[in-house]
Amino acid sequence: MATTVIDTTPAHLQPFVPSPIPATVHTYKSTVWGWLTTTDHKKIGTLYLFTALFFFLVGGLEAEIIRAQLGGPNRHLVSAETYNQIFTMHGTTMIFLAIMPLSAAFFNYLIPLQIGARDVAFPRLNAFSYWVYLFGGLFISVPILFGHAPNAGWFGYAPLTTKAYSPGINVDFWVIGLQILGISSLAAGFNFITTIINLRSPGMSLMRMPVFTWMAFIVQFMIVLAFPVITVALFFLLMDRFFGTQFYEVASGGDPLLWQHLFWIFGHPEVYILVLPAFGLVSEVLPTFSKKPLFGYPVMVYSGILIGFLGFGVWAHHMFAVGMGPIADSVFGVTTMLIAIPTGVKIFNWIGTIAQGQFKATSASLFAVGLVALFTIGGISGVMHSSPPADLQQTDSYFVVAHFHYVLFGGSIMGIFAGIYYYFPKMFGRMMDEKLGKTHFWLTFIAMNLTFFPMHFSGMLGMPRRIYTYDAGQGWEVFNRTSTWGAYLLFVATLFFIYNFFKSRKSGRPAGPNPWGAGTLEWTIPSPPPPYNFAVLPTVTSRYPLWEGKQADIESARINQQGNKTADELGIVLPYGTIKPLLAALFLVIMFSGLILGHWLIFAAAGAMVLSFYAWLTSPLEPEHH
């Protein structure tokens, strides 16, 4: 019987040699019912990936309409009302329905594999989290097809979002939809915290965890602490809109600035909730393609923790224009400068990893380097906003639009693409096409800068955010035209990715367990992994067990890479698939929609939801039959 030979050469001496490629790809078939009832973290991660990529395309199409409208002066491609709905949904879709769930796809798929676990701590809660996200995303997105989409901006500032100024049902969909999506995020957050604390394999200490799992761990705490704040803000707004309270009405003793404080206490940690997972993915990609362990691992971990901590202390730099006074402005200006330090540490550590290694340019590593370059630009313009006098000139201008797109596209999206190219072989057992992947990267890199860099100049020339149209002669035409051409090129680049993704899924070259020669635990099992992940739970002795090659790591990897037995043959009990989390999520969303469609629906759906939860909680965790 053949055995897998694991190279035990020290990482810095290893040549870049992919593992042998088998003639076939491991396949684990599933029916439609199997997907609807699954509690397997890998299938749920795959569902998150496909759903979030769909919403990413929707948000991208909304961006294309925005740029087409602003490509020249006095254009009327869409009406002002339609434009308001599109830019509101573009921000909402990209943040809550695309980037966060794309990160969640990697959380679901990778965390158990990286810590040596067979599943997450609460598999059914995990499934519930996905279905709440799907139904909540549809709830908030479908109204745009009927002209009733949210139209007051993705930040929902009061009093604009109160009934007096937004009397239609548009904002109702936004308020209720974000509450629903928050439930999904909180359920996932508690689940992953419990998983990482309790289910690590023997020897997997916290300081041996891969950096991606560390960044994910930090993000879950940020979610659990930040989302209750926006939940309170949304609850106040919901009460104002549906039940006549006046939390944000000055004449009744309320305060519209209360919304801004609550929203940004959530909103600035949210930026790091969006970008830290990408930082984690890049910290997995760059060591593999530099053939060198990550430079300064402990400092990378501590800097991530510090970002998570300081992220809650900078929110009011979004509010320098509201007149908080010199003391508050000074404090938040200083904290905004401070948070640049741990971020800068990460950038230098990535550079150190590349500089001291044997860097190989692949689609994944190019996107990772793209993040380092583009996020640096976004970070520099962000530090500029730590100065209240400078911020007063830039606030509500296109300079800020340029800044946060360099952070969120140049950071989050570039890191997510790096992760997709890197982990695609593990998820689907096949390699993506490198030529198409590199074409995708270079077109994206050029288009991203072409789209967003000119916005710095149009913003400094006074172009306000959220503008629907503009007159000629203000000096903005060239910059807007360039941004629009860049957006069109970005659309073309994304077509290359879509074609590569689906073509590779069907006919890509078989990958094998470890095509990149990586060193972490997830590469010790077949691609795609079997339902039980590990035939034997590994005993971990180092951060890069496949590189350092100690006997315990070699033996468990030898057994796990075979993956040729079923769970029943190995005596492994897997969580039982069930439709109940899907039903509970569906009835939860129907219950909330009763606020708009009729209060009778609230009670009917609430009863069905309670029954679904009761059936879920009282049904046994039976083994899955293979």
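Per chain, the residues get numbers from 1 upward, laid out in the order the sequence is written. In view of the model being predicted, local features appear only for residues whose pLDDT reaches at least 70, and side-chain atom pairs are presented and counted only at 80 or more, with totals across whole chains, interfaces and linings using the full set of residues. Note that water and hydrogens are dropped before the side-chain values are worked out from all heavy atoms of the structure.

**Q** What is the right way to look at the overall build of the protein chain in this model?
**A** A tally of helices and strands in the protein chain yields 20 helices and zero strands. For 626 residues, the compact-globule estimate of 2.2 N^0.38 gives 25 Å, and the C-alpha radius of gyration of the protein chain, at 24 Å, lies within 12% of that figure. Dimensions along the principal axes, computed over C-alpha positions, put the protein chain at roughly 80 × 55 × 45 Å. With a 1.4 Å probe rolled over the protein chains alone, any residue whose accessible area is under 20% of its type maximum counts as buried; one over 50% counts as exposed, and the rest are partly exposed. The burial tally for the protein chain puts 59% of its 626 residues in the buried class. Contact definition: two residues touch when any of their heavy atoms are within 4.5 Å. For the protein chain, contacts bridging at least 24 residues in sequence account for 83% of all contacts bridging at least 6. For the area figures, the Shrake-Rupley method with a 1.4 Å probe applies, and any residue is considered shielded solely by the protein chains shown. Of the roughly 23,700 Å² of accessible surface on the protein chain, 70% is carried by carbon and sulfur atoms. His is not counted, nor are the chain ends; Lys and Arg add positive charge and Asp and Glu add negative charge. Taken as the charge centre is NZ of Lys, CZ of Arg, CG of Asp or CD of Glu, depending on the residue. Charge-centre separation for the protein chain: the mean point of 31 positive side chains lies 10 Å from the mean point of 27 negative side chains. Numbering of helices and strands runs from the N terminus; a helix is a DSSP stretch of H or I covering at least four residues, while a strand is a stretch of E covering at least two. Here the globule rule is a power law, 2.2 Å times the number of residues to the power 0.38, and the radius of gyration is based on C-alpha atoms.

**Q** So what exactly am I meant to see when it comes to the side chain of D119 here?
**A** The topology assignment puts D119 in the loop between helix 3 (80–115) and helix 4 (123–141). Comment: no salt bridge for buried D119; closest opposite-charge side chain is K42, at 6.3 Å. The residues touching D119, leaving out its near neighbours within four places in the chain, are T39, D40, H41, P112, T195, L199, N533 and P575. We define a salt bridge as a side-chain nitrogen of Lys or Arg found within 4 Å of a carboxyl oxygen belonging to Asp or Glu.

**Q** Looking at this model, I keep getting lost on the packing of helix 4 against helix 19 (residues 580–597). Mind explaining?
**A** Helix packing for two helices is described by the angle between their axes and how far apart those axes are. Between the N-to-C directions of two axes lies an angle of 0 to 180 degrees, each axis being a line fitted to C-alpha atoms and, for a helix, fitted only over the stretch in contact. Running from N to C, helix 4 and helix 19 point in directions that differ by 35°, and their axes come no closer than 8 Å. The two elements helix 4 and helix 19 cross, and the hand of that crossing is right-handed. For the pair helix 4 and helix 19, contact is made by R124, A127, F128, W131, V132, F135, G136 and F139 and by P581, L582, A584, A585, L586, L588, V589, S593 and I596, respectively. Polarity classes work like this: nonpolar for Ala, Val, Leu, Ile, Met, Phe, Trp, Tyr, Cys and Pro, charged for Asp, Glu, Lys and Arg, and polar for all others, with Gly in that last group. Considered class by class, the residues forming the contact of helix 4 with helix 19 number 14 nonpolar, two polar and one charged. Helix crossings are classified by the rotation of the near helix relative to the far one: an anticlockwise turn of less than a right angle makes the crossing left-handed, while a clockwise turn makes it right-handed.

**Q** Is there a simple way to think about helix 7 (residues 256–290) in this case?
**A** Helical geometry: 3.6 residues make up each α-helical turn, so side chains three or four residues apart lie on a common side. In this model helix 7 runs 51 Å from its N-terminal to its C-terminal C-alpha over 35 residues, within 8% of the 51 Å that 1.5 Å per residue would give. Of all bends in helix 7, the biggest is about 30°, found at W264. Most of helix 7 sits out of view: 30 of its 35 residues are buried. Measuring from the backbone nitrogen of L257 back to the side-chain oxygen at the start of helix 7 gives 2.9 Å, which picks out D255 as the cap. In the stretch just after helix 7, K291 is the one whose phi turns positive, near 50°. Expected helix span is computed as 1.5 Å times (number of residues minus one). Two axes define the bend at a residue: one fitted to the seven residues ending there, one fitted to the seven starting there, and the bend is the angle between them. Any N or O atom pair separated by 3.5 Å or less is treated as a polar contact, with the protein-specific requirement of one donor-capable and one acceptor-capable atom, and with residues adjacent in sequence counted only for side-chain atom pairs.

**Q** I tried to follow the nonpolar core on my own but got confused; where do I start?
**A** A general trend in soluble globular proteins is that nonpolar side chains are found buried together. Counting residues in hydrophobic clusters, the biggest one holds 181 residues, and the most contacted among them are W350 and I420. With 21 residues, the single largest contributor to this core is helix 3. Among residues more than four places away in sequence, those in contact with W350 are F279, V282, S283, L286, L294, M300, L371 and V372. Only buried Ala, Val, Leu, Ile, Met, Phe, Trp, Tyr and Cys residues count toward a nonpolar core, and they belong to the same one when joined by side-chain atoms within 4.5 Å. Ranked by size, the runner-up nonpolar core spans five residues in total, among them Y532, A535, A567 and I572.

**Q** I would appreciate a short explanation of helix 4 in the present structure.
**A** Look at helix 4: 27 Å from first C-alpha to last across 19 residues, which is about the 27 Å you get at 1.5 Å a residue. The buried count for helix 4 comes to 17 of 19 residues, which makes it a mostly enclosed element.

**Q** I keep staring at the confidence of the model for the protein chain and nothing clicks. Help me out?
**A** Predicted coordinates in areas of low pLDDT are best not read in detail. The predicted model of the protein chain averages 91 in pLDDT, with 93% of residues at 70 or higher. Low pLDDT (under 50) marks residues 1–23, which in the prediction has 44 contacts with non-local residues, meaning those over four places away or in another chain. Known as pLDDT, the predictor's confidence for each residue is given on a scale from 0 to 100.

**Q** Got a minute to help me understand the environment of R430 in this structure?
**A** Looking at the element boundaries, R430 is found in the loop between helix 13 (398–428) and helix 14 (434–460). Sequence-wise, R430 and P167 are 263 residues apart; in three dimensions their C-alpha atoms are separated by 52 Å. Here G508 takes part through its backbone oxygen, which lies 2.7 Å from a polar atom of the side chain of R430.

**Q** Mind showing me how you'd approach the packing of aromatic side chains here?
**A** Two aromatic rings are characterised by how far apart their centres lie and by the angle between their planes. The rule is short: rings of Phe, Tyr and Trp, with Trp giving its six-membered ring, pair when the centres are within 6.5 Å, and they are stacked under 30 degrees, edge-to-face over 60, tilted in between. Counted by the stated rule, this structure contains 62 aromatic pairs. Summarising the aromatic geometry, the rings of F613 and W616 are spaced 5.3 Å apart at their centres and angled 25° between planes, so their arrangement reads as stacked. Residue F613 and its partner W616 are both found in helix 20 (residues 599–618); the two are separated by three residues, about one turn of the helix. Here F613 falls in the partly exposed class, since its relative accessible area comes to 25%. Placement of a charge over a ring requires the Lys NZ or Arg CZ to be within 6 Å of the ring centre, with the centre-to-atom vector within 35 degrees of the ring normal. The cationic tip of K43 hangs over the ring face of W35; the distance from NZ or CZ to the ring centre is 5.6 Å.

**Q** Please explain the environment of W523 as it appears in this structure.
**A** Structurally, W523 is set in the loop between helix 15 (477–507) and helix 16 (545–548). Accessibility expressed as a relative area gives 0% for W523, which makes it buried. A C-alpha to C-alpha distance of 25 Å links W523 and Y302, two positions 221 residues apart in sequence. With residues up to four places along the chain from it excluded, the contact list for W523 reads Y422, Y423, K426, P513, N514, P515, W516, A518, L546 and Q561. Only 3.4 Å separates the side chain of W523 from the side chain of E522, close enough to count as a polar contact.

**Q** Where do I start with a nonpolar patch on the surface in this structure?
**A** Excluding any residue in a salt bridge, patches collect residues exceeding 30% relative accessible area, merging like charges within 9 Å and nonpolar Val, Leu, Ile, Met, Phe, Trp and Tyr side chains within 5 Å. On the surface, a nonpolar cluster with roughly 330 Å² of combined accessible area is contributed by L61, F491, V492 and L495. The greatest single-element share of the nonpolar patch, amounting to three residues, is contributed by helix 15. The topology assignment puts L61 in helix 2 (residues 41–70).

**Q** So what exactly am I meant to see when it comes to the pattern of salt bridges here?
**A** Between side chains of opposite charge, pairing is possible as soon as their charged atoms come close. Following the criterion strictly, the structure yields five salt bridges and no others. Measuring nitrogen to oxygen at the nearest pair gives 3.0 Å for the salt bridge that ties D40 to K42. A salt bridge links D172 to R241, with the shortest nitrogen-to-oxygen separation between them at 2.5 Å. Taken together, the residues span a long stretch of sequence, with D172 in helix 5 (residues 170–198) and R241 in helix 6 (residues 211–243) at a distance of 69 residues. For the pair shown, D172 and R241 are each scored as buried. Overlapping salt bridges bring together K163, D172 and R241 as one network.

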